[in-house]
Amino acid sequence: MNVKRAIQEGSKILKENNIEEPNIKIKLLMQNILKKTRQYIIANDTQELSKEQEIKYLEGIQKLKNNMPIEYITNQKEFMKKLFYVDKNVLIPRQDTEILVEEVIKIAETKTTSNQTIINNNLQILDMCTGSGAIAVSLASYIDKSEIDAVDISQKALEITEKNAKENKVEKKIKEIESNLYKNIGEKKYDIIVSNPPYIKHEVIKKLDKQVQKEPLIALDGGDDGLEFYRKIIKQSPKYLKKDGYLCLEIGYDQKDEVINLLNTENKYKNIYSKKDLYGNDRIVIAQLG
């Protein structure tokens with residue numbers, strides 16, 4: 001079977017099984033099988049697959065039919081123009097989260113240009129609920145003077161963070177810490193705390209897309225109202241933030257008012273604002289320690 005025919009037949013199978021974006025997913029699968037770029041596959045679609053490649057390809061199609069995310073099959077996801085290893089132990093990075101990373105980079109630039117002590121030292125950043133390390137690794141890559149503590153309750157997730165840090169050559173700037181939120185942090189204080197915590201309501205998870213349900217529950221479940229982790233992070237963060245430090249949170253599209261209310265209730269934060277993602281949904285909330 002050649003590449004062109006394999007893609008055509010694979011796409012047809014996915015369509016018949018109501019898999020979303022069948023053409024995109026089948027081509028990504030083929031790229032992964034051949035270890036080649038999209039451009040190569042287009043230019044060499046008459047290439048014959050080896051028996052081993054054909055078997056792997058058919059196995060991949062079967063996984064896609066069973067709603068396995070393509071990212072878990074290829075173990076790859078692009079985020080902030082960088083490639084990250086992902087598997088079933090971590091949430092798949094979303095483009096929406098790039099809004100959070102970009103805002104933290106802007107805040108970091110402001111702090112480093114306005115504070116002489118930070119210019120001469122590294123900005124201290126905590127990435128809470130780091131998962132694959134997409135946020136931590138991206139920040140370490142794009143903020144020159146930075147040291148990042150990547151925290152997660154899952155040791156398997158932290159191993160993936162470490163792998164991604166090494167692959168992106170920022171392992172010297174990132175420290176992985178296994179901890180249930182702040183439990184094992186000690187008394188260190190940070191210039192910026194950033195987090196994309198679990199924020200899906202417990203009862204909503206079973207209604208999510210079947211592919212999303214394949215992602216780790218621990219990275220999705222935000223409790224009965226979706227706010228369980230925001231309450232804990234918002235309440236505890238002042239102890240770990242430096243004077244005028246920032247708390248930067250990703251939120252669900254309908255959680256802006258509730259999260260801002262939690263911040264206001266603590267009466268310890270100032271300069272609170274939110275920003276929308278590329279689809280016009282409220283996506284992040286930023287607050288500064290008052």
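Residues numbered from 1 in each chain as written. Predicted model: local features only at pLDDT ≥ 70, side-chain atom pairs only at ≥ 80, totals over all residues. Heavy atoms only, no water.

Caption draft 1: Up close: the nonpolar core. By size, the foremost hydrophobic cluster in this structure holds 30 residues, and its most contacted members are I125, L139, I174, I192, V194 and C248. Within the residue set of this core, elements represented by two or more residues are α6 (97-114), β3 (123-128), α8 (134-142), β4 (146-152), β6 (190-195), β7 (241-250) and β9 (282-289). Of the residues forming this core, the biggest block, seven residues, is contributed by α6. Residue contacts for I174: discarding those within four places in its chain leaves A136, V137, A140, I148, A150 and A165. (Core = buried A, V, L, I, M, F, W, Y, C linked by side-chain atoms within 4.5 Å. Buried < 20%, exposed > 50% of the residue type's maximum accessible area, 1.4 Å probe, protein only. Helix = DSSP H or I, 4+ residues; strand = E, 2+ residues; numbered from the N terminus. Contact = heavy atoms within 4.5 Å.)

Caption draft 2: Geometry of the packing of helix α1 (residues 3-16) against helix α4 (residues 51-65). Here α1 crosses α4 at 20°, and the two axes come no closer than 10 Å. By the angle class used here, α1 and α4 are roughly parallel. For the crossing formed where α1 meets α4, the hand is right-handed. In this structure, α1 uses A6, I7, G10, I13 and L14 to contact α4, whose residues at the interface are Y57, I61, L64 and K65. Of the residues that constitute the contact of α1 with α4, the class distribution is seven nonpolar, one polar and one charged. (Axes fitted to C-alpha atoms, helices over the stretch in contact; angles between N-to-C directions. Parallel < 35°, antiparallel > 145°, perpendicular 65-115°, else oblique. Left-handed = near helix turned anticlockwise from the far one by under 90°. Nonpolar A, V, L, I, M, F, W, Y, C, P; charged D, E, K, R; others polar.)

Caption draft 3: Structural detail: the packing of aromatic side chains. Evaluation of the coordinates by the stated rule reveals two aromatic pairs. Ring centres of F79 and F84 lie 6.1 Å apart, and the angle between their planes is 75°; this geometry places the pair in the edge-to-face category. The buried category is assigned to F84, whose relative accessible area is 1%. Residue placement shows K163 over the ring face of Y85; its charged tip is 5.1 Å from the ring centre. (Phe/Tyr/Trp six-rings, centres within 6.5 Å; stacked < 30°, edge-to-face > 60°. Lys NZ or Arg CZ within 6 Å of the ring centre and 35° of its normal.)

Caption draft 4: Looking closely at the sheet that holds β4. With mixed pairing, seven strands are arranged side by side in an open sheet as β5-β4-β3-β6-β7-β9-β8. Looking at which strands have only one partner, the edges of the open sheet turn out to be β5 (174-178) and β8 (269-276). Sheet twist, expressed as the average angle between the axes of neighbouring strands with direction ignored, equals 15°. Across the sheet, α8 touches β3, β4, β5 and β6, and the angle it forms with β4 is around 175°. In this fold helix α9 (residues 155-167) packs onto β4 and β5, with an angle of close to 175° to the strand it touches most, β5. (Pairing = 2+ DSSP bridges.)

Caption draft 5: Spatial organisation of the pattern of salt bridges. One pass over the full model with this rule turns up 16 salt bridges. A salt bridge links E228 to K232; the shortest N-O distance between them is 3.5 Å. You can see E228 and its partner K232 sitting in helix α11 (residues 228-236), four residues apart, about one turn around the helix. On the accessibility criterion, E228 (32% relative accessible area) is partly exposed. Residue classification places K232 among the partly exposed positions, given a relative accessible area of 35%. Beyond isolated ion pairs, a larger network of salt bridges with shared partners links D96, D277 and R283. (Salt bridge = Lys/Arg side-chain N within 4 Å of Asp/Glu carboxyl O.)

Caption draft 6: Fine view of the side chain of Q288. With respect to the element layout, Q288 can be found in strand β9. Overall, the relative accessible area of 9% leaves Q288 in the buried class. What Q288 contacts, discounting residues up to four positions off in sequence, is D244, G245, Y246, K268, Y269, K270 and N271.

Caption draft 7: Inspection of α1 at higher detail. Its 14 residues give α1 an end-to-end C-alpha distance of 20 Å, which sits within 8% of 20 Å, the value for a rise of 1.5 Å per residue. Every buried residue of α1 is accounted for by V3, A6, I7, G10, S11 and L14. With its buried residues spanning 125° around the axis, α1 presents them on a single face. Every exposed residue of α1 that faces more than 90 degrees away from the buried side is listed here: K12 and E16. Residues of α1 that are buried make contact with α2 (22-34), α3 (38-43) and α4. Sitting at the amino-terminal end of α1 is N2, which places a side-chain oxygen 3.3 Å from the backbone nitrogen of K4. Once α1 finishes, N18 follows within two positions and takes phi at roughly 55°, a positive value. (Expected span 1.5 Å × (residues − 1). Arc of directions from axis to C-beta. Polar contact = N/O pair within 3.5 Å; in protein donor to acceptor, adjacent residues only side chain to side chain.)

Caption draft 8: Highlighting the environment of K15. Assignment of secondary structure puts K15 in helix α1. Sequence-wise, K15 and K65 are 50 residues apart; in three dimensions their C-alpha atoms are separated by 9.5 Å. Dropping the residues within four chain positions of it, K15 is found in contact with P22 and N23.

Caption draft 9: Main features of the packing of α2 against α4. Packing of α2 against α4 brings their axes to within 10 Å, and their N-to-C directions diverge by 145°. Relative to α4, the crossing made by α2 is right-handed. Only Q53, K56, Y57, G60, I61 and L64 of α4 make contact with α2, whose side of the interface consists of K25, I26, L29, M30, I33 and L34.

Interpretation note: all reported values are geometric properties and have no functional meaning in isolation.
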